[in-house]
Amino acid sequence: MATKLLSLTCIRKERFSERYPLVRKHLTRSQDGGSSSETAVDDAISRAVYRVLGMTCSACAGSVEKAIKRLPGIHEAVIDALNNRAQILFYPSLVDVETIRETIEDAGFEASLIENEANERSRQVCRIRINGMTCASCSSTIERVLQSVHGVQRAHVALAIEEAEIHYDPRLLSYDKLLEEIENAGFEAVLISTGEDVSKIDLKIDGEFTDESMTIIERSLEALPGVQNVEINHGTDKISVLYKPDVTGPRNFIRVIESIVFGHSGHIKATIFSEGGVGRESQKQGEIKQYYKSFLWSLVFTVPVFLTAMVFMYIPGIKQLLMFKVINMLTIGEIIRWVLATPVQFVIGWRFYVGSYKALRRGSANMDVLIALGTNAAYFYSLYTVLRAATSSDFMGVDFFETSAMLISFIILGKYLEIMAKGKTSQAIAKLMNLAPETAILLTLDNEGNVAGEEEIDGRLIQKNDVIKIVPGAKVASDGYVIWGQSHVNESMITGEARPVSKRKGDTVIGGTLNENGVLHVKVTRVGSESALAQIVRLVESAQLAKAPVQKLADRISKFFVPLVIFLSFSTWLAWFLAGKLHWYPQSWIPSSMDSFELALQFGISVMVIACPCALGLATPTAVMVGTGVGASQGVLIKGGQALEKAHKVNCIVFDKTGTLTMGKPVVVKTKLLKNMVLREFYELVAATEVNSEHPLAKAIVEYAKKFRDDEENPAWPEARDFVSITGNGVKATVRGREVMVGNKNLMSDLGVTIPADAEELLAEAEEMAQTGILVSIDSELTGVLAVSDPLKPSAREAVSILKSMNIISIMVTGDNWGTANSIAREVGIDSVIAEAKPEQKAEKVKELQAAGHVVAMVGDGINDSPALVAADVGMAIGAGTDIAIEAADIVLMKSNLEDVITAIDLSRKTFSRIRLNYVWALGYNLMGIPIAAGVLFPSTRFRLPPWIAGAAMAASSVSVVCCSLLLKNYKRPKKLDNLEIREIQVERV
């Protein structure tokens, strides 16, 4: 299944024509002497998709279609009233998207452009790592900055993983401009990927080399086919190469470098450059070390400050020494605290000044502003008391140097613990990335395909079409297919499937999986970013970048949170100061070591530093990160926070039948010919027609037809012309000059083929046995009836039963006949059945359920399920299904097991329970902490919160939210599912 994910991001015209066969027929048919044939879509034709609101029936759709078709340059218009969409094929030289939109609105409907394929080739997605974000305010600011740039279509910034995903038009700007905008906003930006279909590798040059030899290397590499760009930093030993992996690879680069430079220097060697501090994990480790070192140095200075202020003042002898006056009223203790607190404030705490300056420069405020204001207030007031004491003979004041020093120390400790915890939330991605083996055994084959030699190479040097050897106990180094050998491969690390999968010649293997008991020779088909492992990692990363709707609450709060806290802090100080000056509270409330101004200042600083916007900003993304990571390890790929949020509300599930409730591996169990014909010839015609279809039933027929061609493993079937897929009914084509139609009764009726009584009896007999009856017509005469059986999945009945216990309604919608559908539904335990449903009818049923108040999930695997998957609140694609179904779905079930439907819903419920808990804690902490810091309890209990304790509480709140999310890593599937899987294994063994 994992190889299906390789096309998750490439639905273009081909996908459109597959999903909408009617349009495909208009687009690709060309007349030539009365016969039609498949031709490429004209590049001049573009596609635009609009959301059209206000359509209530087919008459509305008809009026929209007529209005659009009156425009010049319209090639085709398909109006979908059910999903409120209009898909227009047009010539951009004659009409533009804005004119089409205005025409729809003139017809009385509201229209908005969703997609314009005219610009699709000029649309790219780049990912950028952003360093320096401290809270939700920072991420929101960067989003606003990026979205204001001309040419940026969409921008998502994820605080938890410190990355941005930006959709932009490369005709209007480059990714360098995006990096510049982020840098100008005050953050460090590092490009991760540009979205182009290229790979990048860094090579290290060892040996004696000169600028001249490096220039020769650069020109030689640029001359290679497939090389897009070569970057050489003169004076260093690093070369970066941007290349197309389909055309060339790193082994070619190394070979060229060593052969060219050999004559000049004699001792030049090229190797793959160690990632060092480039990768996300390395960067994260560097940040952790930096905070750890800062915290240790802050302790060196802060501990003596704390001891002189809080402990030694109560020890006789030491107290007298610290209270010794040096100049006027300035004591030794004050000088020591001043000297020790200064490097903490301005050296170790410099990062907060830099962060504050950058935030204020762009007109916003973040956590750094709060920390800088709070510590500066404490430090500079203390400095004022020191200077007054040194210049006055009767001044009595108290310094707060320990407050500023301890605040900075505790906040750095909190950031250190927070980064440590945040790193653990992305361990799922790190584990996936580490699955690829470091080395591989490369085989050299002679002209006859025999092994001529083998060599152990770096796993990153594997290129497309290489043949590699996988020994027992070794990991598969790259995606490919077996050309020799037989073994069992453990794919649990990719698909979550615990049972080893048998592999023999022709079977595909996935990079990162474990070979168990045999030797395999594998031909590499995909490397680098194209591999299934890389695609899964990218899918999980994209899911973590996508914001859940519930996170909008934190984003809204972050806009005004910091300014509000500053206002509350100043108001607190002013209220307590005025109350003291006006004697609104007794003099006895003021501690003996302070005056009313200092008491008010402490309350104000405490309010400033206890407020924590970070906890709010981390509440959702950290839980989503852990939840999607746990899902990936369980074989459930969840495409972002929005899918998670919807899935936890699901109370109705619509199941497709074939490949979802059934095994999806149907077999032909009976063939009945109604005309005199050789069975081999019959199946030649049928297989030639069905081989063009992705439907499981079509694959079963083709597989069965191979039995009549025992001499060939992969026979070449006769050419099928004018192939048309009538979605939900069947297919038709012209083979050897004869019109062949394969499908159900609806297909035959629509195309005017008479169904005789004996064929009706054969269909009824098949339906009673839960088999699917397929009719075959040759030259408009019904020629044969096939009975295809698709066994029920062992877990189907109990999975439906468990869903009922979770108060979730199960419904089956299938394109199969009523007899087979009812028979399967009875076996599974589903009461509500819709049969003989076309794709649009499946989507219509989903809409009806939604209108009745249900939150609907659709589980399917085929092209004909795609409209329903899109229409449903949550689309779940079976992993073994088609690319289009996987693309349309919100959740991909990689193991193709129905138990994972329950796992997905249960995990989403657990994740959102954790998100709610995070918000309760984050909001509750601020709502309770700020009033306490402001002194609400002081009049009745004399309890006040010192600023350094308030700072420690603020740091602890962020850490606690992340740790609360990390508890999701202990997620266990419902016990019922474990028992169900054990029984399923026992059934398979029997």
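Source: prediction; values computed, not measured. (Residues numbered from 1 in each chain as written. Predicted model: local features only at pLDDT ≥ 70, side-chain atom pairs only at ≥ 80, totals over all residues. Heavy atoms only, no water.)

1. Points about the nonpolar core
Rules: In these notes, a set of buried Ala, Val, Leu, Ile, Met, Phe, Trp, Tyr and Cys residues joined through side-chain atoms within 4.5 Å is what counts as a nonpolar core. Relative accessibility thresholds used throughout: buried, under 20% of the residue-type maximum; exposed, over 50%; partly exposed, between the two (1.4 Å probe, protein chains only). Per the convention used, a helix needs a DSSP run of H or I reaching at least four residues, while a strand needs a run of E reaching at least two, with both numbered from the N terminus. When checking whether two residues touch, look at their non-hydrogen atoms; a contact exists if any pair is within 4.5 Å.
One finds Ile 166, Ile 653, Met 876 and Ile 891 to be the most contacted residues of the largest nonpolar core, which totals 129 residues. In terms of residues, this core owes the most to one element, helix 32 (residues 899-933), which gives 12 residues. Those residues within four positions of Ile 166 in sequence are excluded, and the remaining contacts are Gln 124, Val 125, Cys 126, Ile 128, Leu 146, Val 152, Arg 154, Ala 155 and Leu 178. Formed by 35 residues, the second largest nonpolar core is a distinct cluster that contains Val 227, Phe 253, Ala 270 and Leu 442.

2. A short note on the pattern of salt bridges
Operational definition: Salt bridge, as applied in this entry: a Lys or Arg side-chain nitrogen positioned within 4 Å of an Asp or Glu carboxyl oxygen.
Per the stated rule, a full pass over the model turns up 19 salt bridges. Between Arg 127 and Glu 163 there is a salt bridge, and its shortest N-O distance comes to 2.8 Å. Here the residue Arg 127 occupies a position in strand 7 (residues 124-131), and Glu 163 occupies one in strand 9 (residues 163-168), the gap between them amounting to 36 residues. The residue Glu 181 makes a salt bridge to Lys 177 at a minimum N-O spacing of 3.0 Å. One end of the pair, Glu 181, and the other, Lys 177, are both in helix 6 (residues 175-184), 4 residues apart, so they sit about a helical turn from each other.

3. Side note on the packing of aromatic side chains
Our working rule: A pair of Phe, Tyr and Trp rings is counted when the ring centres sit within 6.5 Å of each other, with Trp represented by its six-membered ring. The angle between the planes then sorts it: under 30 degrees is stacked, over 60 is edge-to-face, the rest tilted.
Counted under the stated rule, the structure contains 26 aromatic pairs. When the ring of Trp 350 is compared with that of Tyr 353, the centres are 5.8 Å apart and the planes differ by 35°; the resulting orientation is tilted. One end of the pair, Trp 350, and the other, Tyr 353, are both in helix 12 (residues 350-361), 3 residues apart, so they sit about a helical turn from each other. Aromatic side chains Trp 573 and Phe 577 sit 5.3 Å apart centroid to centroid with 5° between the ring planes, which places their arrangement in the stacked category. Taken together, the positions of Trp 573 and Phe 577, both in helix 18 (residues 552-581) and 4 residues apart, correspond to about one turn of that helix.

4. Quick word on the UniProt feature "transmembrane region" (unreviewed entry) in the protein chain
Stated precisely, the cut-off is as follows: UniProt positions are given in the numbering used here, feature names are shortened, and annotations may be inferred rather than shown by experiment.
Here the UniProt-annotated "transmembrane region" (unreviewed entry) positions come out as residues 294-315, 335-353, 365-384, 396-417, 560-579, 599-619, 919-939 and 945-968. Strand forms 0% of residues 294-315 and helix 82%; the C-alpha atoms that close the span are 31 Å apart. Annotated as 77% helix and 0% strand, the span residues 396-417 places its first and last C-alpha atoms 40 Å apart.

5. Here we look at the environment of Met 806
Mapped onto the elements, Met 806 comes out in the loop between helix 27 (796-805) and strand 34 (809-813). Linking Met 806 and Asn 651, residues 155 residues apart in sequence, is a C-alpha distance of 8.5 Å. Once residues lying within four places of it in the same chain are set aside, the contact partners of Met 806 are Ile 902, Ile 905 and Arg 909.

6. A look at the pairing of strand 32 (residues 772-778)
Within a regular strand, side chains alternate between the sheet's two faces. Our working rule: When DSSP finds two or more bridges between two strands, those strands count as paired.
Taken across its 7 residues, strand 32 has 7 buried, putting it largely inside the fold. Taking every second residue as pointing to the same face, both faces of strand 32 are buried, with Thr 772, Ile 774, Val 776 and Ile 778 on one and Gly 773, Leu 775 and Ser 777 on the other. Relative to strand 32, strand 31 (residues 738-743) runs antiparallel, the two sharing 4 bridges. Residue Val 740 lies in a different strand from strand 32, and its bridge partner there is Ile 778. By the bridge criterion, 7 bridges tie strand 32 to strand 33 (residues 781-789) in an arrangement that is antiparallel. What sits directly across from Ile 774, in strand 33, is Leu 786. Connecting the antiparallel pair strand 32 and strand 33 is a turn made up of 2 residues, with Asp 779 showing a positive phi of about 55°.

7. Topic: helix 32
The following threshold applies: To estimate the expected span of a helix, count its residues, drop one, and scale the result by 1.5 Å.
With 35 residues, helix 32 should cover 51 Å at 1.5 Å per step; its first-to-last C-alpha distance of 50 Å lies within 8% of that length. One or two positions beyond helix 32, positive phi appears at Gly 935, with a value near 95°.

8. Some points on the sheet that holds strand 28 (residues 667-673)
Quick reminder of the rule: Lines are fitted to the C-alpha atoms to define the axes, a helix being fitted only along its stretch in contact, and any angle between axes, read from their N-to-C directions, falls within 0 to 180 degrees.
In space, the 6 strands of this open sheet follow the order 28-33-32-31-30-29, with antiparallel pairing throughout. Strands at the two margins of the open sheet, each flanked by one partner only, are strand 28 and strand 29 (720-726). Between one strand axis and the next, the sheet turns by 20° as a mean value, whatever way the strands run. Against the sheet, helix 26 (residues 757-768) touches strand 28, strand 32 and strand 33, its axis set at about 10° to strand 33.

9. Let's talk about the pairing of strand 31
As judged from the 6 bridges shared by strand 30 (residues 730-735) and strand 31, these two strands associate in the antiparallel manner. Considered in strand 31, the bridge of Lys 732 is made with Met 741. The antiparallel pairing of strand 30 with strand 31 creates a hairpin that spans 2 residues between the two strands, and Arg 736 there sits at a positive phi of about 50°.

10. Considerations on unusual backbone geometry
Despite not being glycine, Asp 722 shows a phi value in the positive range, around 55°. Inspection of the secondary structure puts Asp 722 in strand 29. The exposure class of Asp 722 is partly exposed, given its relative accessible area of 23%. With a phi angle near 65°, Ser 780 is a residue other than glycine that sits in the positive phi range. Relative to the helices and strands, Ser 780 resides in the loop between strand 32 and strand 33.

11. Topic: the sheet that holds strand 10 (residues 188-193)
The sheet built from 4 strands is open, its strands ordered 8-9-7-10 with antiparallel pairing. The open sheet has two free edges, formed respectively by strand 8 (152-158) and strand 10, since each of these has just one partner strand. Averaged over all neighbouring strand pairs, the angle between strand axes comes to 25°, with direction disregarded. The pairing of strand 7 with strand 10 spans 5 bridges and is classified as antiparallel. Each residue of the ladder has a partner; that of Ile 128, found in strand 10, is Leu 191. Packing of helix 5 (residues 136-147) onto the sheet brings it into contact with strand 7, strand 8 and strand 9, and relative to strand 8 it is tilted by some 170°.

12. Examining the state of the cysteines
Spelled out, the test is: Two cysteine sulfur atoms make up a disulfide if the distance between them is within 2.5 Å.
For the structure on display, the rule yields 0 disulfides. We note that Cys 964 lacks a disulfide partner, and the nearest cysteine sulfur, in Cys 963, lies 8.8 Å from it. Here Cys 964 falls in the buried class, since its relative accessible area comes to 13%.

13. Some details on the environment of Tyr 357
Its place among the elements puts Tyr 357 in helix 12. Considered as a pair, Tyr 357 and Ala 372 are 15 residues apart in the sequence and their alpha carbons are 9.9 Å apart.

14. Overview of a nonpolar patch on the surface
Worth spelling out the cut-off: Residues enter patches when they are more than 30% accessible in relative terms and free of salt bridges; like-charged ones are connected within 9 Å and nonpolar ones (Val, Leu, Ile, Met, Phe, Trp, Tyr) within 5 Å. Accessibility throughout is a Shrake-Rupley quantity obtained with a 1.4 Å probe, and a residue counts as covered only by protein chains that appear here.
A grouping of Phe 570, Leu 574, Leu 578, Leu 582 and Trp 584 is seen on the molecular surface, where their side chains present a nonpolar patch of about 530 Å² in accessible area. Tracing the sequence through the fold places Leu 578 in helix 18. By relative accessible area, Leu 578 is classed as partly exposed at 36%.

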